[in-house]
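# Structural characterization, general
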Amino acid sequence: MTQDTLSRVLGQPAKVTDFVSHPTGIMDIDWRKEYTREGHRVTLAGSSIVMHCHHYNINLQKMLEDTLGERGVDLMIRAAESASRNGFESLLRHYPQIRTAKSRMELAETMYQICGLGVLHFREAELQSAVVESLSSHHVTGWLAKHGRRATPGCHFTRGWIAGVLSVLFQRKYLVSEKACKLVDSPTCCFIAVEECNGG
Ligand SMILES: [Zn+2]
């Protein structure tokens, strides 16, 4: 995510009228004209975009689970935690006017969404614990498309991502577990975070 993308989201939210409507309801974009690259930055209709691939992410997850089991799961969680912590800290340095925990959680939710990772809501978040719900997820969509339903929750990336954000919000370490998952049979994914020194 780039700063101009965030500025656009925070300061001037894109409106439907920013785009040309099509009778089918699908936005009519001239891809050859609107989809461009400026150095390392890829833009679509003037907005910077982030691209990622569910084939790659899901194959990486399956390989780690199949070959390393719980150690592979832990590796995914720790990597996502580190990335989200570093990214969120950097973002907050750019926007020091965002100070309250509530505003920072809303910023985290926005960051998750505009990075194409899905829809995430911090339902409750306090120093000792938090409840976070995901209504839609890049990883869920990708896993279901490639492998169908699972017997156990599988949103390990999101567990780590939440832990990283909470560590920035409260300056503590958190263990995040997934209590319900769309990959099993739940209508949403539900995550519980517990401060690590409490034993999780
Ligand atoms: Zn899930």
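In this report, the structure presented in the accompanying data block is examined. (Residues numbered from 1 in each chain as written. Predicted model: local features only at pLDDT ≥ 70, side-chain atom pairs only at ≥ 80, totals over all residues. Heavy atoms only, no water.)

### Quick look at the pattern of salt bridges
With the rule as written, the count across this model stands at nine salt bridges. Here Arg78 makes a salt bridge to Asp74, at a shortest N to O gap of 3.6 Å. Of this pair, Arg78 and Asp74 both sit in helix 4 (residues 70-94), separated by four residues, roughly a single helical turn. Taking relative accessible area as the criterion, Arg78 reaches 30% and is therefore assigned partly exposed. (Salt bridge = Lys/Arg side-chain N within 4 Å of Asp/Glu carboxyl O. Helix = DSSP H or I, 4+ residues; strand = E, 2+ residues; numbered from the N terminus. Buried < 20%, exposed > 50% of the residue type's maximum accessible area, 1.4 Å probe, protein only.)

### Notes on the sheet that holds strand 5 (residues 129-137)
Within a sheet, each strand pairs with its neighbour through backbone hydrogen bonds, oriented either parallel or antiparallel. The strand order across the open sheet built from four strands is 4-5-7-6, with neighbouring strands paired in antiparallel fashion. Edge positions in the sheet fall to strand 4 (118-125) and strand 6 (174-180), since each has one partner strand and no second. Looking at each pair of strands side by side, their axes are set apart by 25 degrees on average, direction ignored. Summarising the sheet, strand 4 and strand 5 pair through seven bridges and their orientation is antiparallel. By the bridge assignment, Gly118 is partnered in strand 5 with Ser137. (Pairing = 2+ DSSP bridges. Axes fitted to C-alpha atoms, helices over the stretch in contact; angles between N-to-C directions.)

### Some points on the packing of aromatic side chains
Under the definition given, this model contains two aromatic pairs. Ring plane angle 70 degrees and centroid distance 4.8 Å describe the contact between Tyr112 and Trp161, whose orientation is recorded as edge-to-face. Of this pair, Tyr112 sits in helix 5 (residues 101-114) while Trp161 sits in helix 7 (residues 156-170); the two residues are 49 residues apart in sequence, bridging distant segments of the chain. Lying over the aromatic face of Trp143, Arg150 brings its terminal NZ or CZ to 4.7 Å of the ring centre. (Phe/Tyr/Trp six-rings, centres within 6.5 Å; stacked < 30°, edge-to-face > 60°. Lys NZ or Arg CZ within 6 Å of the ring centre and 35° of its normal.)

### Some details on the state of the cysteines
All told, the structure shown has zero disulfides when counted by the stated rule. Between Cys190, a cysteine without a disulfide, and Cys189, which holds the nearest cysteine sulfur, the sulfur-to-sulfur distance is 9.0 Å. (Disulfide = S-S within 2.5 Å.)

### Thoughts on the sheet that holds strand 3 (residues 47-48)
One open sheet accounts for three strands, arranged 1-2-3; its pairing is antiparallel. The sheet is open, and its two borders are formed by strand 1 (35-38) and strand 3, each paired with just one other strand. One ladder, built from two bridges, connects strand 2 (residues 41-44) with strand 3; its direction is antiparallel. Note on strand 3: the bridge partner recorded for Leu44 is Ser47.

### Comments concerning the pairing of strand 2
Of the strand pairs in this sheet, strand 1 and strand 2 are connected by four bridges, and their pairing is antiparallel. Along strand 2, the bridge assignment pairs Thr36 with Thr43. Hairpin connection from strand 1 to strand 2: two residues lie between these consecutive antiparallel strands, with Gly39 at a positive phi of about 65 degrees. Here strand 2 folds back onto strand 3 in antiparallel fashion, the turn holding two residues, of which Ala45 has a positive phi close to 50 degrees.

### Describing the packing of helix 5 against helix 7
Across the interface, helix 5 lies against helix 7 with an axial gap of 11 Å and an inter-helix angle of 150 degrees. In this view, helix 5 runs roughly antiparallel relative to helix 7, as classed from their interaxial angle. You can see that helix 5 and helix 7 cross each other, and the crossing is right-handed. Listed contacts from helix 7 to Ala101, Arg104, Met105, Ala108, Met111 and Tyr112 of helix 5 are Thr158, Trp161, Val165 and Leu169. Counted by class, the contact of helix 5 with helix 7 contains eight nonpolar, one polar and one charged residues. (Parallel < 35°, antiparallel > 145°, perpendicular 65-115°, else oblique. Left-handed = near helix turned anticlockwise from the far one by under 90°. Contact = heavy atoms within 4.5 Å. Nonpolar A, V, L, I, M, F, W, Y, C, P; charged D, E, K, R; others polar.)

### Notes on the side chain of Thr158
For Thr158, the position within the fold is in helix 7. When sequence neighbours within four positions are dropped, the list of residues in contact with Thr158 reads Tyr112, Leu120 and Phe191.

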